[in-house]
Amino acid sequence: MFASPATGACALTSRRSAEHGFTLIEIMVALAVFSLAALALLRLEGATLRSAGVLDRSLLAGTVARNVAIEAVTDARAPALGAAEGSEVNGGRAWSWTRSVTPLGDANVLRVDVAVSDPRTRQVLGRMTMVRAPTPPSVTQ
């Protein structure tokens, strides 16, 4: 541990290693740790961008579904029973929708189900269900 005062070899060696900085192995370990952290951040950013895209498409598809369902519920004439299909443009994109109208009970109450999909992928991205109250007699005459 201690060198003789005449040679001073040990004291000189410990002082010189402190003056030279990091070793190559220490630098390689630090770079490996930094690269792992950087790769994790890149993967997180990619997942965030994908999630934002899915959320954007789902939000627009939900808006289209709501618009089609509200139109069927508020129109002066009740929609025809059964399925109907159509397309709309919203948010600069084309959307395909399918509307299904079924009776509920015996008082002319209608259930309106709307499913909206991306025409390229045919994946359903938005759904809406509404109930249409019976049409008053004064409107049907």
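The sections below set out a description of the structure shown in this document. Source: prediction; values computed, not measured.

Now for the overall build of the chain. Along its length, the chain carries 3 helices and 4 strands. Along its sequence from the N terminus, the chain presents helices and strands in the succession α-α-β-β-β-β-α. For the chain, the proportion of its 141 residues judged to be buried stands at 18%. On the chain, roughly 10,500 Å² of surface is accessible, and the fraction owed to carbon and sulfur atoms is 62%.

Further remarks concern the pattern of salt bridges. Under the criterion given, the structure shown has 3 salt bridges. Between Arg111 and Asp113 there is a salt bridge, with its nearest N and O atoms 2.9 Å apart. Accessibility expressed as a relative area gives 35% for Arg111, which makes it partly exposed. Note that Asp118 is salt-bridged to Arg120, the shortest N-O span being 3.4 Å. On the basis of relative accessible area, Asp118 is assigned to the buried category, the value being 7%.

Judged by nonpolar contacts, the single largest core of 15 residues is most densely connected at Trp95, Val114 and Val116. For this core, the secondary-structure elements that each account for two or more residues are α2 (24-74), β2 (93-104) and β3 (109-117). Looking at which element gives the most residues to this core, the answer is α2, with 7 residues.

On to unusual backbone geometry, then. Positive phi, close to 60°, is recorded for Arg122, a residue that is not glycine. In this structure, Arg122 sits in the loop between β3 and β4 (124-132). On the accessibility criterion, Arg122 (66% relative accessible area) is exposed.

This brings us to the sheet that holds β3. In spatial order, the strands read β1-β2-β3-β4; together these 4 strands make up an open sheet with antiparallel pairing. Every other strand in the sheet has two partners, leaving β1 (82-90) and β4 as the edge strands with one partner each. Strand-to-strand twist in this sheet, taken as the mean axis angle between neighbours without regard to direction, amounts to 20°. Note: β1 against β2, 9 bridges, orientation antiparallel. In the sheet register, Ser87 faces β2, and the bridge partner there is Ser96. Packing of α2 onto the sheet brings it into contact with β1, β2, β3 and β4, and relative to β4 it is tilted by some 25°.

What counts, and at which threshold
Residues numbered from 1 in each chain as written. Predicted model: local features only at pLDDT ≥ 70, side-chain atom pairs only at ≥ 80, totals over all residues. Heavy atoms only, no water. Helix = DSSP H or I, 4+ residues; strand = E, 2+ residues; numbered from the N terminus. Buried < 20%, exposed > 50% of the residue type's maximum accessible area, 1.4 Å probe, protein only. Areas by Shrake-Rupley, 256 points an atom, 1.4 Å probe, with all protein chains shown as cover. Salt bridge = Lys/Arg side-chain N within 4 Å of Asp/Glu carboxyl O. Core = buried A, V, L, I, M, F, W, Y, C linked by side-chain atoms within 4.5 Å. Pairing = 2+ DSSP bridges. Axes fitted to C-alpha atoms, helices over the stretch in contact; angles between N-to-C directions. Contact = heavy atoms within 4.5 Å.

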